[in-house]
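Architecture at a glance
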Amino acid sequence: MTQDKTRLIIMARGLQAAADEMAANLIRSAFSAVVREARDCSTALLDAQGRVVAQADMIPMQTAALSASFRAAAEQLDLANVKPGQCVLMNDPYSGGQHLNDIILFSPIFHDGMLLGWSGSTAHHLDIGGGSAGVNTTATELIQEGLVIPPLLLDVQRDWHGGMIERLIFANIRTPEIGLGDMDAQFAANHIGCERVIEMARRFGPDMVVSAMDEVLNYSERRMRAAIAEIPDGTWSGEAFLDGDGRTPAGPPVKVRATVTIRGDMAVIDFTGTDPQVRTMFNSPLASSIAGAVTALRSILADTDMPANDGCNRPLTLIIPEGSVLNPRPGAPVRARATACCRALDAVHAALGQVLPDRVPAQGANSTTGFFLAHARPQGGFDIHIDVLGGGWGAAKDYDAIHATDHVLSSCRLTPTESIEQLSPHILIESFGLIQDSAGAGEFNGGMGLFRRYLIQKDEVVLSLYSDRFKLPPLGRELGLDGKPATLHVERDDEVITLGATSTFTLRRGDIVEIRLPGGGGWGNPKNRDREAVAADLEDGLISSERAKQVYGLG
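The rules we used
Residues numbered from 1 in each chain as written. Predicted model: local features only at pLDDT ≥ 70, side-chain atom pairs only at ≥ 80, totals over all residues. Heavy atoms only, no water. Helix = DSSP H or I, 4+ residues; strand = E, 2+ residues; numbered from the N terminus. Rg over C-alpha atoms; globule rule 2.2 N^0.38 Å. Buried < 20%, exposed > 50% of the residue type's maximum accessible area, 1.4 Å probe, protein only. Contact = heavy atoms within 4.5 Å. Lys, Arg positive; Asp, Glu negative; His and termini not counted. Charge placed at Lys NZ, Arg CZ, Asp CG, Glu CD. Salt bridge = Lys/Arg side-chain N within 4 Å of Asp/Glu carboxyl O. Expected span 1.5 Å × (residues − 1). Pairing = 2+ DSSP bridges. Axes fitted to C-alpha atoms, helices over the stretch in contact; angles between N-to-C directions.

1. Considering the overall build of the protein
- Of the regular secondary structure elements, the protein holds 13 helices and 19 strands.
- The globule rule puts the C-alpha radius of gyration for 555 residues at 24 Å, and the 23 Å found for the protein is close to it.
- Along the first, second and third principal axes, the C-alpha atoms of the protein reach 70 × 65 × 40 Å.
- Here the protein, with 555 residues, has 59% of them falling under the buried criterion.
- Intrachain contacts of the protein at a sequence separation of at least 6 include 72% that bridge at least 24 residues.
- The average position of the 49 basic charges and that of the 68 acidic charges among the side chains of the protein differ by 2 Å.

2. A closer look at the pattern of salt bridges
- Tallied over the entire structure, the rule returns 30 salt bridges.
- The partner of Asp102 in a salt bridge is Arg337, with the nearest N and O atoms 3.0 Å apart. Note that Asp102 is positioned in strand β4 (residues 102–111) and Arg337 in helix α10 (residues 337–352), a separation of 235 residues in sequence. With respect to burial, Asp102 and Arg337 carry one shared label: buried.
- The salt bridge partner of Arg508 is Asp493, with a shortest N-O separation of 3.0 Å. Placement of the pair is Arg508 in the loop between β18 (502–507) and β19 (512–516) and Asp493 in the loop between β16 (487–492) and β17 (495–499), with a sequence separation of 15 residues.
- According to the relative accessible area criterion, Asp493 is exposed, its value standing at 68%.
- Connected through shared salt-bridge partners, Glu430, Arg453, Glu491, Glu514 and Arg516 make up one network.

3. Some points on helix α8 (residues 206–229)
- For α8, spanning 24 residues, the distance from its first C-alpha to its last is 35 Å, which sits close to the expected 34 Å at 1.5 Å a residue.
- Inspection of α8 places Met208, Val209, Ala212, Met213, Val216, Leu217, Ser220, Glu221, Met224, Ala227 and Ile228 among the buried residues, and these make up the whole buried set.

4. Overview of the side chain of Gln16
- Topologically, Gln16 is positioned in helix α1 (residues 2–29).
- Filtering out sequence-adjacent residues up to four positions away, Gln16 remains in contact with Ala54, Gln55 and Ala56.

5. A closer look at the sheet that holds strand β7 (residues 234–242)
- Read from one edge of the open sheet, four strands run β7-β8-β9-β10, paired in mixed fashion. Among the strands making up the open sheet, the edge pair consists of β7 and β10 (316–319). Neighbour-to-neighbour, the strand axes of this sheet turn through a mean angle of 15 degrees, independent of strand direction.
- Pairing between β7 and strand β8 (residues 254–263): nine bridges, direction antiparallel. Looking across to β8, one finds that Ala240 is bridged to Val256.
- The sheet strands contacting α8 are β8, β9 (266–270) and β10, and the helix crosses β9 at an angle near 75 degrees.
- With respect to the sheet, α10 is in contact with β7, β8 and β9, its orientation differing from that of β7 by roughly 145 degrees.

6. Looking at the sheet that holds strand β14 (residues 450–456)
- One open sheet accounts for five strands, arranged β13-β14-β19-β16-β17; its pairing is antiparallel. Both outer strands of the open sheet, β13 (427–434) and β17, are each paired with one neighbouring strand and no more. Each neighbouring strand pair of the sheet contributes to a mean axis angle of 20 degrees, computed without reference to strand direction.
- Sheet topology places β14 next to β19; five bridges connect them, and they run antiparallel. Paired with Tyr454 across the two strands is Val513, which belongs to β19.

7. Brief notes about the pairing of β8
- By the criterion of burial, β8 is predominantly enclosed, with seven of the 10 residues buried.
- In the sheet, β8 pairs with β9 via five bridges, with the strands oriented antiparallel. Bridging across to β9, Val260 finds its partner in Ile269.
- The hairpin formed by β8 and β9 contains two residues between the paired strands, and Gly264 there has a positive phi angle of roughly 65 degrees.

None of this, on its own, says anything about what the molecule does.
Right, dumping it as structure tokens:
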């Protein structure tokens, strides 16, 4: 028995290593900068029932909802007789997907005719068709955002590799070579996952592999229950707000409300009271909202080393009303779903901050900024640059927050200047860096926001953007100050043109575009900040002498 337990632990680590190797393979093999450099992709291994048993440390919004995607696909497809050489392909947000650019691929894992599990990957594709290159900021229905792929059960040799499904998909995409390269990278990553699980089955036997998958889930469930049990019993409510619906500049903010109930080792997160769905792309489909809620709770638990898999979800009950901005009815646009998803996280934190004030951080920038510069080549084809930009994180007790980093639900990396300019002949990066005084001051400071200045090299370059925190700043906690909100403007000759968080604007050669991302909120009274830390911030240029004097009382 002891030997079996030891072997199960070794195999559990092997599953995790396989998921990590899948991610490394996907990143190295990808064609697009958004996957290869920004790493907007995820990989995981699932058991035969479609439960995630191991996931790479990539994009929580993708991996935390992958089992929901599989369940939705299984409801529409007959997977009882799935065969080697088949796969499931999908992106439909109303069939378990995220948004249309995130294409999800599941490959079955067979050993001697036995289905051991599934290898899964998600990657953000540069273009998925739709009303414009980049992002269609005026979309009022899903079909305007791009090609919708319901769950499809494919024969890889017949339907891919020049087959009819591959040809159909990439006939509707503006950058087919890049898209096909990224899709093939997903196939390669899934193949690695399949091979590693099969190797384990050959070495230890298929029954031990199945037992290891079950034990991994049970182990995470036990640790999740123990971590929840450390929270006092009770019910708390919190709210968070989007700037608006992305269309009406003077319109009201959009509310996300969460009520969290802790009873022993179980938690209920109820989003009743959240505003109805909007007519723009700021809705979050159910799979994304589930990921946001689960991540919100897990991120503040004392057990920070808990293996992330579907076992963590067993003690949770989620209530997400249909027709709300967190669970829109089919057909609504969802391209900017990460913003509402982040507000779900913020609302859960606002609720739990009442009982766990020392664990819950101040608000960070907490929104995906999808920044696109697209140019149609005269000879045909498109150059599309996407920047996934991050601001400052929120500070918490005993630590300053990190600067200019994508939010916790995404974790994309900044694309290097060299890569941008190599792949995008229509732009140059004039400068980028941290924004002095952008972070919320506190006993512990928020993270600093980021600015980037783009010099446009050609006429008829189309800027399109979705973001948030242009009106409502990231909030501080425990007397910490708010971070500075975002801005966007175009410098044209002697004119400065101010744009909003949801914008489409045609640029010309010589224009300069500058985007400035928010700083995170501070935690605790700034007057209590260590004097040596304030002096170091001043010396490093993180704060100005004026802020050091007025906010911290230095000098």
